[in-house]
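Observations on the three-dimensional arrangement
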Amino acid sequence: VAPVLINPSILSADFANLERDLQLVASADYVHVDVMDQHFVPNLTLGLPVVRRLAEVTPVPLDVHLMVEDADRWAPQYAEAGAASVTFHAEATQAPVRLARELRAGGVRAAVALRPASPVEPFLDLLDEVDMVLVMTVEPGFGGQAFIEGTLAKVRRARAAIDASGAATWVQVDGGVSRDTIGRIARAGANVFVAGSAVFGADDVAQEVEALRRLAEH
Ligand code: DX5
Ligand code: ZN
């Protein structure tokens, strides 16, 4: 079975104290880094120079989620910048298989992300080509949005196809993951959970990571 992984999103961390906040989530599996270009999504966050420094100071591997246009051009540069995993959006690449192969050849995990309204079916025959499928459970762009219940069916279809094929592909969810939602998302078949506001909005950040992990494992 796929391991349960908790990846706090630093979109909800203090951008003036990122190194400090990375230490707070030292027990997490990966730290999720949202790169937004103000074109693919209506928000602007951080880019290559910041990811390079985060990779140098973090005790936890970086899970970089690219919400940028022209992923074919940019994603390999994030692999070089020190990410452990690079996720590009299906809607932002011309050649997902070529890009995934290029990322893997660079020694990182490669993942394809789907907006809530994008179908997973075109990728179900290509699961061997990626290490992870990210099912967005909110429209990408902002933290703190409400979970979209209708995305659970896509999680179920992705998990069923992966199990049927014998692939080791992970299923990640991102958006609206909290103590209230994580149990049913786990039961739908996701194994990698991104959580921003739930983790960094908690009184005890480290304790929240472990609380989410326990709820996902049951
Ligand atoms: C949204 C980002 C998410 C965001 C999730 O586009 O991709 O990673 O941080 O935030 P929460 O967990 O608050 O929904
Ligand atoms: Zn994200």
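Predicted, not measured: the structure shown is a model, and the values here were computed from it. (Residues numbered from 1 in each chain as written. Chains lettered and ligands numbered in written order. Predicted model: local features only at pLDDT ≥ 70, side-chain atom pairs only at ≥ 80, totals over all residues.)

Let us now look at the pairing of strand 6 (residues 132-136). Of all five residues in strand 6, five are buried, a share of seventy percent or more. Where burial is concerned, the two faces of strand 6 agree: the one with Met132, Leu134 and Met136 and the one with Val133 and Val135 are both buried. Two strands pair when backbone bridges link them, and strand 5 (residues 109-114) and strand 6 are joined in this way by four bridges, in the parallel orientation. Paired with Ala113 across the bridge in strand 6 is Leu134. Pairing between strand 6 and strand 7 (residues 170-174): five bridges, direction parallel. Residue Met136 lies in a different strand from strand 7, and its bridge partner there is Asp174. Assessed by its sense of winding, the connection that carries the chain from strand 6 through helix 5 (residues 152-165) to strand 7 is right-handed. (Buried ≥ 20, exposed ≤ 12 C-beta atoms within 10 Å, placed from the backbone. Helix = DSSP H or I, 4+ residues; strand = E, 2+ residues; numbered from the N terminus. Pairing = 2+ DSSP bridges. Right-handed = clockwise from strand over helix to strand, strands pointing away.)

Glancing now at the sheet that holds strand 3 (residues 62-67). Strand pairs in the sheet, formed through backbone hydrogen bonds, run parallel or antiparallel to each other. Taken together, eight strands build an open sheet; the order of strands is 1-8-7-6-5-4-3-2 and the sheet is parallel. The outermost strands of the open sheet, each flanked by one partner alone, are strand 1 (5-8) and strand 2 (31-36). Looking at each pair of strands side by side, their axes are set apart by 25 degrees on average, direction ignored. (Axes fitted to C-alpha atoms, helices over the stretch in contact; angles between N-to-C directions.)

What follows deals with the UniProt feature "active site" (unreviewed entry) in the chain. UniProt feature "active site" (unreviewed entry): in the numbering of this structure it lies at Asp34 and Asp174. Across 141 residues of sequence, these annotated residues stay compact in space, with a maximum C-alpha separation of 10.6 Å. For Asp34, the position within the fold is in strand 2. Not counting chain neighbours up to four residues away, the residues in contact with Asp34 comprise Ser9, Leu11, Thr45, His65 and Met67. Here Asp174 is to be found in strand 7. Take Asp174: there are 26 C-beta atoms within 10 Å of it, and that puts it in the buried class. Contact partners of Asp174, with chain neighbours within four places excluded, come to His65, Leu134, Met136, Thr137 and Val194. (UniProt positions renumbered as here; feature names shortened; annotations may be inferred. Contact = placed C-beta atoms within 7 Å.)

This part is about the UniProt feature "binding site: substrate" (unreviewed entry) in the chain. The UniProt record annotates "binding site: substrate" (unreviewed entry) at Ser9, His65, Gly141, Phe142, Gly143, Gly144, Asp174, Gly175, Gly176, Gly196 and Ser197. By the element assignment, Ser9 lies in the loop between strand 1 and helix 1 (18-24). Leaving out residues up to four positions away in the same chain, Ser9 has contacts with His32, Asp34, Gly143, Val194, Ala195 and Gly196. Relative to the assigned elements, Gly143 resides in the loop between strand 6 and helix 5. For Gly143, the contacting residues outside a window of four places in its chain are Ser9, Leu11, Ser12, Gly196 and Ser197.

Moving on to helix 8 (residues 205-217). An ideal rise of 1.5 Å per residue puts 18 Å on 13 residues; helix 8 measures up with 19 Å between its terminal C-alpha atoms. What helix 8 keeps buried is the set Glu208, Val209, Leu212 and Ala216. Taken around the axis of helix 8, the buried residues stretch over an arc of 105 degrees, which confines them to a single face. Along helix 8, exposed side chains directed more than 90 degrees from the buried face belong to Gln207, Arg214 and Glu217. Buried residues along helix 8 sit against strand 1, helix 6 (182-188), strand 8 (192-195) and helix 7 (197-200). (Expected span 1.5 Å × (residues − 1). Arc of directions from axis to C-beta.)

Running from N to C, helix 3 (residues 71-80) and helix 4 (residues 96-105) point in directions that differ by 15 degrees, and their axes come no closer than 9 Å. Comparing the axis directions of helix 3 and helix 4 gives the class roughly parallel. Considering only the axes of helix 3 and helix 4, their crossing is right-handed. Residues Ala71, Asp72, Ala75, Pro76 and Ala79 of helix 3 lie in contact with helix 4, whose contacting residues are Leu99, Glu102 and Leu103. (Parallel < 35°, antiparallel > 145°, perpendicular 65-115°, else oblique. Left-handed = near helix turned anticlockwise from the far one by under 90°.)

With that settled, the discussion passes to the environment of Ile162. When you line up the elements, Ile162 lands in helix 5. Overall, the presence of 20 C-beta atoms within 10 Å leaves Ile162 in the buried class. Residues Ile162 and Val97 lie 65 residues apart in sequence; the distance between their C-alpha atoms is 17 Å. Those residues in contact with Ile162 that sit more than four places away from it in its chain are Leu127, Ala167, Thr169 and Val171.

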